[in-house]
Amino acid sequence: MTTRPQISRAAAGTTIAIFAILVLAADQFTKFLALQNLETEVATPVLGDFLQFYLTFNPGAAFSLGEGVTWIFTIVLAIAALTVMVLGVTRVHSLRWALVLGALLGGVSGNLTDRLFRDPGFPVGHVVDFIYTPWMMPAIYNVADIFIVCSMVLVALLILLGVNFDGTRDKPEPAAETAVGELSEADRYESRGERRARLETESEASEDKPAASA
């Protein structure tokens, strides 16, 4: 295990909060611009088929699944936000984790804000989606979704790299050290064999030696 520079819990919590606020502000500001400048369900090409703006209101999850149980998604988002905040206050000492969890919290908070405060009302508000990339996926999404997806990818990457919440990193034993250990074990077995052969030789020599006269 190796140790990386750590930050205090207060610094980690502050980093998560600041980054989350920035992401939330970016999400809500872009949604405000979309509502002010786009017509509902009318495609507006930005970069041809690569990027389009298409304003829609999503009552469900991705691909409009679960439209009749919007309140469930509100609960899920609230639990996710609470989990991130608890981790930030109690366990995180790593700047990397603080930044990633801040991005996740900001994205979750962006869509949770829509669920809580947009029409048709609390807690079943519809999420504002307006970004459409038909070459990549058929779904329409928003800035909050981008941060949620990217942060989840980074969470998986940090876990695969063995980076812990406290800033330490799990590191397997190097191959060179393993080879040395195996060689040392072999040497021990060889030494035992040599010692056995020496003892047998000495025993045979003592048997061949004539007994002393009385």
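Look up: the structure comes first, before these words.
Residues numbered from 1 in each chain as written. Predicted model: local features only at pLDDT ≥ 70, side-chain atom pairs only at ≥ 80, totals over all residues. Heavy atoms only, no water.

(A) Here's a closer look at the pairing of strand E3 (residues 52–58). As paired strands, strand E2 (residues 44–45) and E3 are joined by two bridges and run antiparallel to one another. Residue pairing for E3: Pro45 is matched across the bridge by Gln52. Examined bridge by bridge, E3 and strand E4 (residues 127–132) share five bridges and lie antiparallel to one another. Within E4, the residue paired with Phe57 across the bridge is Val128. (Pairing = 2+ DSSP bridges. Helix = DSSP H or I, 4+ residues; strand = E, 2+ residues; numbered from the N terminus.)

(B) Structural context of the packing of helix H1 (residues 9–37) against helix H3 (residues 95–117). At their nearest, the axes of H1 and H3 sit 7 Å apart, and the two run at 40 degrees to each other. For the pair H1 and H3, the sense of crossing is right-handed. Here the contact of H1 with H3 is built from residues that sort into twelve nonpolar, nine polar and three charged. (Axes fitted to C-alpha atoms, helices over the stretch in contact; angles between N-to-C directions. Left-handed = near helix turned anticlockwise from the far one by under 90°. Nonpolar A, V, L, I, M, F, W, Y, C, P; charged D, E, K, R; others polar.)

(C) Expanded view of the sheet that holds E3. Pairing within the open sheet is antiparallel, and its four strands lie in the order E2-E3-E4-E5. In this open sheet, the two edge strands, each paired with only one partner strand, are E2 and strand E5 (140–141). Its contacts with the sheet place H1 against E3 and E4, and it is angled at close to 80 degrees to E4. (Contact = heavy atoms within 4.5 Å.)

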